[in-house]
Amino acid sequence: EKTETRYVKMADQCHRNGYMSALRTLKLIQQMFEGHNLQLQILLRRQRNAVSIDVMMSIVQLFILLVDSSSSLQKMESIEIELVITCLSCLQESMEGPCDSNQLLVIVDGFVNSLAIMLSFDRFHRIPSTLKISCKATAICTIAAALESRQNMLVHDIIIRDIRYDLVSSVIESLHTRLAK
């Protein structure tokens, strides 16, 4: 039996504590990806136990769940956007090095679609402008990490199918303009 997963608006302190816990956990995982230790990255994808947990795919699924539509982004508070950014930062670190197999694992259809939603979204009402800039910049850096040193066009084809070049270009230009001020 398949259960439905969907974004739920943070409603109380219990939810906020859950977000804080998830944020701390993701920051720890991000540190584990730092240094581009291939053996550790492989371990985070699959373990040799009876039950293997694909930490990376869990982060991909969390990102897709959080950024499933522009309306979910519009409802988010700062801590929720920080969680989205930290998901991307973890995945970005996992793909740098480059790690070819991690690039292929992360760049799945739903993930790229959520990246496109994030890049095209401009109606952040509840968060500071610095966090808005960080959100867009992290999405661009994640795309760059996915494309790093690719010897074939598999990842390129997936990204270009869902994210228009002019969108990426306009976001980069906008970031440059904002940061130059």
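Residues numbered from 1 in each chain as written. Predicted model: local features only at pLDDT ≥ 70, side-chain atom pairs only at ≥ 80, totals over all residues. Heavy atoms only, no water.

Caption draft 1: Main features of the overall build of the protein. Along the backbone of the protein there are 10 helices and 0 strands. Ordering the α and β elements of the protein from the N terminus gives α-α-α-α-α-α-α-α-α-α. Evaluated residue by residue, the protein yields a buried proportion of 41% over its 181 residues. When the accessible area of the protein is evaluated, it comes to approximately 10000 Å², of which 54% is carbon and sulfur surface. (Helix = DSSP H or I, 4+ residues; strand = E, 2+ residues; numbered from the N terminus. Buried < 20%, exposed > 50% of the residue type's maximum accessible area, 1.4 Å probe, protein only. Areas by Shrake-Rupley, 256 points an atom, 1.4 Å probe, with all protein chains shown as cover.)

Caption draft 2: Representation of the packing of aromatic side chains in the model. Enumeration according to the criterion identifies 1 aromatic pair in this entry. Ring geometry for phenylalanine 63 versus phenylalanine 111: centroids 5.0 Å apart, planes at 50°, classification tilted. Here the residue phenylalanine 63 occupies a position in helix α3 (residues 55–66), and phenylalanine 111 occupies one in helix α7 (residues 109–120), the gap between them amounting to 48 residues. Judged by relative accessible area, phenylalanine 63 falls into the buried class, the value being 0%. (Phe/Tyr/Trp six-rings, centres within 6.5 Å; stacked < 30°, edge-to-face > 60°.)

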